[in-house]
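Residue-level structural notes
Here is what each chain is made of, one letter per residue.
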Amino acid sequence: MTDPTPTAGTAETTLHVGGASPYDVVVGTDLARHLPAMVGDAAERVAMVVDTRLQPYADDLVDILGEREVLVFAVPEGEEAKSVEVAAEIWNALGQEGFTRSDVVVTLGGGATTDLGGFIAATWLRGVRVVHVPTTLLAMVDAAVGGKTAVNTEAGKNLVGAFHEPAGVLCDLSYLRTLAGEELVSGLAEVIKCGFVADPEILRLAESLEPGALGVDDPVLRELVERAIRVKIDVVVADLRETGGRDGHPGREVLNYGHTLGHAIEAISGYTIRHGEAVSLGCVYVAELARLEGRIGPDLVQRHRELFGRFGLPTGMSGPSFDDVLELMRVDKKARGSQLRFVVLDDVARPAVLAGPSEANLRAAYDALELGEEAPEQP
Ligand SMILES: NC(=O)c1ccc[n+]([C@@H]2O[C@H](COP(=O)([O-])OP(=O)(O)OC[C@H]3O[C@@H](n4cnc5c(N)ncnc54)[C@H](O)[C@@H]3O)[C@@H](O)[C@H]2O)c1
Ligand SMILES: O=C(O)C(=O)C[C@@H](O)[C@H](O)[C@H](O)COP(=O)(O)O
Ligand SMILES: [Zn+2]
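Residues numbered from 1 in each chain as written. Chains lettered and ligands numbered in written order. Predicted model: local features only at pLDDT ≥ 70, side-chain atom pairs only at ≥ 80, totals over all residues.

**So, the overall build of the chain**
For the chain, the helix and strand inventory stands at 13 helices and 12 strands. Taking 21 Å as the expected radius of gyration for a compact globule of 379 residues, we find that the chain reaches 20 Å, a close match to that expectation. Expressed as lengths along the three principal axes of its C-alpha atoms, the size of the chain is roughly 70 × 45 × 40 Å. Out of the 379 residues in the chain, the part that is buried amounts to 49%. Relative to all contacts within the chain whose residues are 6 or more apart in sequence, the contacts with residues 24 or more apart total 70%. (Helix = DSSP H or I, 4+ residues; strand = E, 2+ residues; numbered from the N terminus. Rg over C-alpha atoms; globule rule 2.2 N^0.38 Å. Buried ≥ 20, exposed ≤ 12 C-beta atoms within 10 Å, placed from the backbone. Contact = placed C-beta atoms within 7 Å.)

**Some points on unusual backbone geometry**
Within the chain, Glu242 stands out as a residue other than glycine whose phi angle is a positive 60°. Residue placement: Glu242 occurs in the loop between helix H8 (219-238) and helix H9 (259-268). Here Glu242 falls in the partly exposed class, since 19 other C-beta atoms lie within 10 Å of it. One non-glycine residue, Asp247, adopts positive backbone phi at about 55°. Inspection of the secondary structure puts Asp247 in the loop between H8 and H9. Since 4 C-beta atoms lie within 10 Å of it, Asp247 is described here as exposed.

**Focus on the domain arrangement of the chain**
According to the domain assignment, the chain consists of domain 1 (5-178) and domain 2 (181-371). Here the C-alpha centre of domain 2 lies 25 Å away from the C-alpha centre of domain 1. The interface is formed by 27 residues belonging to domain 1 together with 27 residues belonging to domain 2. For the side of domain 1 that touches domain 2, the secondary-structure elements that each account for two or more residues are strand S2 (13-17), strand S3 (23-28), helix H5 (137-143) and strand S9 (156-163). Its residues assigned to classes, the side of domain 1 that touches domain 2 comprises 14 nonpolar, nine polar and four charged. (Domains from an automatic or database assignment. Nonpolar A, V, L, I, M, F, W, Y, C, P; charged D, E, K, R; others polar.)

**Concerning the UniProt feature "domain: 3-dehydroquinate synthase N-terminal" (unreviewed entry) in the chain**
Per the UniProt record, "domain: 3-dehydroquinate synthase N-terminal" (unreviewed entry) is found at residues 73-184. Overall, residues 73-184 shows 34% helix and 30% strand. The separation of its end C-alpha atoms is 25 Å. (UniProt positions renumbered as here; feature names shortened; annotations may be inferred.)

**A few points about the site of ligand 2**
Neighbouring ligand 2 are the residues Asp142, Gly146, Lys148, Ala150, Asn158, Glu190, Arg252, Leu255, Asn256, His259 and Lys333. By residue class, the composition of the shell around ligand 2 is two nonpolar, four polar and five charged. The two domains that each donate at least three residues to the shell around ligand 2 are domain 1 (5-178) and domain 2 (181-371). (Near = placed C-beta within 6 Å.)

**Description of the confidence of the model for the chain**
Of the residues in the chain, 96% have a pLDDT of 70 or more, and the chain-wide mean is 95. Across the chain, element-level confidence peaks in strand S7 (residues 129-134) with a mean pLDDT of 99 and bottoms out in strand S1 (residues 5-6) with 42. Segment residues 1-10 is flagged for pLDDT under 50; beyond a separation of four residues in sequence, or across chains, it makes 15 contacts in the model. Listed scores for the predicted complex are pTM 0.96 and ipTM 0.99. (pLDDT = per-residue confidence, 0-100.)

**Describing the site of ligand 1**
Gly78, Gly110, Gly111, Ala112 and Thr136 are the nearest of the 28 residues found near ligand 1. Counting only elements with at least two residues in the shell around ligand 1, the list comes to helix H4 (111-123), H5 and helix H6 (181-197). Of the residues contributing to the shell around ligand 1, the split by class is seven nonpolar, 12 polar and nine charged. Both of domain 1 (5-178) and domain 2 (181-371) provide at least three residues apiece to the shell around ligand 1.

**Quick word on the pairing of S9**
Regular strands show a simple pattern: their side chains alternate between the two faces of the sheet. Both strand S8 (residues 148-153) and S9 contribute to a ladder of five bridges, which runs antiparallel. Bridging across to S9, Lys148 finds its partner in Phe163. Between the end of S8 and the start of S9, which pair antiparallel, lie two residues. (Pairing = 2+ DSSP bridges.)

**Some points on the environment of Glu201**
Relative to the helices and strands, Glu201 is located in helix H7 (residues 200-208). Taking C-alpha positions, Glu201 is 8.7 Å from Arg227, a pair spaced 26 residues apart along the chain.

**Details of the packing of H9 against helix H12 (residues 322-329)**
One way to put it is that H9 packs onto H12 with a least axis distance of 9 Å and a crossing angle of 115°. By the angle between their directions, the pair H9 and H12 is classed as roughly perpendicular. When the axes of H9 and H12 are compared, the crossing they make is right-handed. Here Thr260, Leu261, Ala264, Ile265, Ala267 and Ile268 of H9 come into contact with H12, specifically with Asp324, Val325, Leu328 and Met329. Residue classes in the contact of H9 with H12 are distributed as eight nonpolar, one polar and one charged. (Axes fitted to C-alpha atoms, helices over the stretch in contact; angles between N-to-C directions. Parallel < 35°, antiparallel > 145°, perpendicular 65-115°, else oblique. Left-handed = near helix turned anticlockwise from the far one by under 90°.)

**Quick word on the environment of Gly262**
Structurally, Gly262 is set in helix H9. On a C-alpha basis, the gap between Gly262 and His275 in space is 7.5 Å, while along the polypeptide they are 13 residues apart.

**Focus on the nonpolar core**
One recurring pattern in soluble globular proteins is that nonpolar side chains are buried together. One finds Met48, Val49, Val106, Leu116 and Val286 to be the most contacted residues of the largest nonpolar core, which totals 114 residues. At 11 residues, helix H10 (residues 275-292) tops the list of elements feeding residues into this core. Built from parts of two domains, this core gets at least three residues from each of domain 1 (5-178) and domain 2 (181-371). (Core = buried A, V, L, I, M, F, W, Y, C linked by C-beta atoms within 7 Å.)

**Re H8**
For H8, which comprises 20 residues, the first-to-last C-alpha distance of 29 Å matches the rise-based estimate of 28 Å (1.5 Å per residue) to within 8%. Of the residues making up H8, those classed as buried are Leu221, Leu224, Val225, Arg227, Ala228, Ile229, Arg230, Val231, Lys232, Ile233, Val235 and Val236. On its buried face, H8 is in contact with S2, S3, H5, H6 and H7. (Expected span 1.5 Å × (residues − 1).)

Here you go:
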């Protein structure tokens, strides 16, 4: 596991991400003072990509950046920001402003904003420095770390994007104070995902949390945040570009646990369902699938239902037809040719890739999601 380096005398934790482009992820409160060093001295200009809802918080960051000229781009709230059209507006403005390779993008917002801002940084002049200041739990534990960037298109979710690592990430937990309870819970889905694929202690901690009393200052929440980030760091350091793992481990694809169905459901819903909610459904689905494939027993499937359900995350649904969902799952990035591939578990923290499951099992697992109960074995 990654070794956390607590900053002496403060409640900050600095988690280092190694590799070819190393950077730090700092977790704590009042972290804005770290921003200038992460942006660096070479930048004369900063393009700040800000979720409109977070605009009131941008001023503090602008002030701390001192002499640098800051161009603030307020983008639509949430998933609406992740479009080629929004990216193109910002590319055009950067062109008009003469934004150069020594200038820097800073993002302030949830995962939709960090994905969009990261994508702009990855593509403008073929890549400029980016620093992420995530403001949702989900973006702190997942989206801002690891360098995946993307926009959505008609074809589906995140199908256009690039790997582009940040120069630094500031996870300032004070932002979570204004976050709606449903958004906090949506972020917990990615934390629980990390527990199932890599860190059983996360599951134990989540099972000990009182869902109704989930507070931003709760030390258990802080521990969950740091544990989930460490899981992510360990995975991306080993396989940044998702080329594959060793000894049967899926490599970076492991972080896609629950996302094959999850992304399909998000797209079908017109992005009205939250990402973490879709991941919750996707994890229960793939647990059912693993059971039907004889890889796990009903107890572990039930643990998925109970743990996600404990926080009010959805574990069953009815609505989209299986055929519509299947069509979208076929454009998932893990697919190879006509073969669908899923990250599944052989046990807690024992992930594997399941390639080419039968359509009968894919359908039966979906039926179980619709029924909200265990699917019968397929003949
Ligand atoms: N790149 C990656 O590795 C990665 C990982 C996980 C998820 N993602 C992406 O992240 C996105 C989901 O991120 P998200 O859950 O943060 O959603 P989001 O960015 O859509 O934010 C959710 C909502 O919270 C609001 N919000 C943000 N910060 C707030 C705050 N501090 N106070 C009050 N409201 C606030 C936003 O305006 C929005 O309405 C998805 O697009 C998903 O695909 C990317
Ligand atoms: O970082 C990763 O790798 C992940 O898969 C993390 C996921 O939680 C995240 O939603 C990611 O954006 C999905 O990636 P995609 O490659 O399926 O678009
Ligand atoms: Zn995700």
